[in-house]
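Chain by chain, the residues:
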Amino acid sequence: MARDPVYYADYLKLPTLLSLQSPESGKVGAPMGDEYLFIIVHQAYELWFKQVLIELDAVLDGFSGPAVAERELGRFVGHLERVVAITRLMLAQIDVLETMTALDFLDFRDLLVPASGFQSAQFRSIENKLGLDPRTRMTIHGAHYTSRLSPEDKARAEAAEAAPSIRARVDAWLARIPFLEQGGWGFRESYRAALDATLTREAEIIAENPMLDAIGRGVQEAQLAQNRAHFEALFDADAYEALRDKGERTLSHRAFLAALFINLYRDEPILHLPYRLLKALMDVDEGFTTWRYRHALMVSRMIGTRVGTGGTSGHEYLRATAEKHKVFSDLFALSTYMLPRSKLPRLPASVEGALGFRSGVSAG
Ligand code: HEM
């Protein structure tokens, strides 16, 4: 079928796109160049948010079935790695915006009240699709973040919050992963024995260390006892649930153990892709967290300790979201439970065989 030749400007809708910048300063005087910069940078972010949502939806769709084929995992990793690359661009764009000084910003800032990036519905969808735990969300003087959104954006954010998130899907997938128990062998028990031996050795090192006086030894022993208690929660479902209730863990107990197994035995070929998926999720989380810190820093140099145009405490609020709004902090916490490869219990032949020969089997 004959098609009309595609023309660059038509394809990209450039006349429309380039007419979408309307500085508020232009309504009260001459439009300001710095406000154009402010608008263009924000619009560029929203376009990238759109692409991030496309990638996250592709991962969510792929994870929606009862089983996940192994070859699919590679595709998900690709989508998530693209999101990570976008977060790096997001970070770099702050450099461009910081060429505007605090004084330049003050020339038009008051005209923006009460609008704020706080109202970015796409940003909220990203948080919700990733699976930000609603219990850890910061409020704005006690009010929910949706209270600052238009009715349409509020509905969209609430729908995304109610729908299954990537965190929930990954949890279900991890919980289904086989290999944690095989033919009389259990990962939990064998790992616990190796961990006990490591902690006992650590206690001996503290006891034998000639550089420690009584006080120093007491401090180190107390720290070791605290670590031991922390490790116990890994093997005790009730203690683990208590951590979940406190919001210190979000993954289910079985999913957490499966993620630990994948991280410890990631040298096994069949665990490469699951490991890369978990790593990509951490990279996405780290990308957004780094952006949050950098945005908070930029805000402190632009407005100091003033409140934001959206009504939060500004820099303080943003710094707190960087701390609290992580989605996959459980995956970061796994490092606490790592053992050196030399101390890692060898997998019994039956499990090694299963891991070696089942590479064609679905991971779900
Ligand atoms: C001069 C530059 C900027 C300043 C001074 C600034 C300031 C602020 C402040 C104070 C807040 C807290 C909410 C409020 O009280 O208003 C906020 C939130 C936010 N800003 Fe910015 N911002 C700037 C640039 C940007 C850019 C370029 C983006 C890109 C889209 C952005 C996205 C966001 C988002 C998504 C939030 C919500 C964060 C959350 O609640 O976790 N901001 N901003």
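The following refers to the structure shown. Predicted, not measured: the structure shown is a model, and the values here were computed from it. (Residues numbered from 1 in each chain as written. Predicted model: local features only at pLDDT ≥ 70, side-chain atom pairs only at ≥ 80, totals over all residues. Heavy atoms only, no water.)

Digging into the packing of helix 13 (residues 253-264) against helix 14 (residues 269-303)
Between helix 13 and helix 14, the least distance of the axes is 9 Å, while the angle of their chain directions is 115°. Classed by the angle they form, the pair helix 13 and helix 14 counts as roughly perpendicular. Pair helix 13 / helix 14 crosses with left-handed handedness. Packed against helix 13, whose contacting residues are A259, F261, I262 and N263, the element helix 14 presents L271, P274, Y275 and L278 at the interface. In the contact of helix 13 with helix 14, the residues fall into seven nonpolar, one polar and no charged. (Axes fitted to C-alpha atoms, helices over the stretch in contact; angles between N-to-C directions. Helix = DSSP H or I, 4+ residues; strand = E, 2+ residues; numbered from the N terminus. Parallel < 35°, antiparallel > 145°, perpendicular 65-115°, else oblique. Left-handed = near helix turned anticlockwise from the far one by under 90°. Contact = heavy atoms within 4.5 Å. Nonpolar A, V, L, I, M, F, W, Y, C, P; charged D, E, K, R; others polar.)

Concerning the site of the ligand
In the vicinity of the ligand lie 28 residues, with S116, H295, G310, T312 and Y317 positioned nearest. G310 has a polar backbone atom sitting 2.7 Å from an oxygen atom of the ligand. A distance of 2.7 Å is found between an oxygen atom of the ligand and a side-chain nitrogen or oxygen belonging to T312. Every element with two or more residues in the shell around the ligand is listed here: helix 4 (33-62), helix 7 (121-130), helix 14 and helix 15 (315-324). It is helix 14 that contributes the most residues to the shell around the ligand, six residues altogether. Here the residues of the shell around the ligand sort into 15 nonpolar, 11 polar and two charged. (Near = heavy atom within 4 Å. Polar contact = N/O pair within 3.5 Å; in protein donor to acceptor, adjacent residues only side chain to side chain.)

So, the packing of aromatic side chains
Enumeration over the complete set of coordinates arrives at 19 aromatic pairs. Measuring from ring centre to ring centre gives 6.5 Å for F187 and Y265, while their planes differ by 80°; the resulting arrangement is edge-to-face. Separated by 78 residues along the polypeptide, F187 in helix 10 (residues 187-208) and Y265 in the loop between helix 13 and helix 14 bring together distant segments of the chain. By the burial criterion, F187 is buried, and Y265 matches it. Three or more aromatic residues joined by ring pairs form one cluster here, namely Y45, F49, F123, F288 and W291. Sitting over the face of the ring of Y145, R137 holds its NZ or CZ atom 4.0 Å from the ring centroid. One cation-aromatic arrangement involves R266 over Y275; the distance from NZ or CZ to the ring centre is 4.6 Å. (Phe/Tyr/Trp six-rings, centres within 6.5 Å; stacked < 30°, edge-to-face > 60°. Buried < 20%, exposed > 50% of the residue type's maximum accessible area, 1.4 Å probe, protein only. Lys NZ or Arg CZ within 6 Å of the ring centre and 35° of its normal.)

As for the coordination of the iron atom of the ligand
Angles between donor atoms at a metal ideally measure 109.5 degrees for a four-coordinate tetrahedral arrangement and either 90 or 180 degrees for a six-coordinate octahedral one. Donation to the iron atom of the ligand from the protein comes from one atom only, H295 (NE2), at 2.2 Å. Within the secondary structure, H295 is located in helix 14. (Donors = N, O, S within 2.8 Å, 3.2 Å for Na, K, Ca; no water.)

Some remarks on the pattern of salt bridges
A complete count under the given rule lists 22 salt bridges for this structure. Two residues, E127 and R292, come together in a salt bridge whose shortest N-O distance is 2.7 Å. Placement of E127 in helix 7 and of R292 in helix 14 is noted, with a sequence separation of 165 residues between them. Each member of the pair, E127 as well as R292, is classed as buried. A salt bridge links K154 to E158, with the shortest nitrogen-to-oxygen separation between them at 3.3 Å. (Salt bridge = Lys/Arg side-chain N within 4 Å of Asp/Glu carboxyl O.)

So, the nonpolar core
Judged by nonpolar contacts, the single largest core of 95 residues is most densely connected at W173, L174, F187, Y191 and F261. At 16 residues, the largest contribution of residues to this core is made by helix 14. (Core = buried A, V, L, I, M, F, W, Y, C linked by side-chain atoms within 4.5 Å.)

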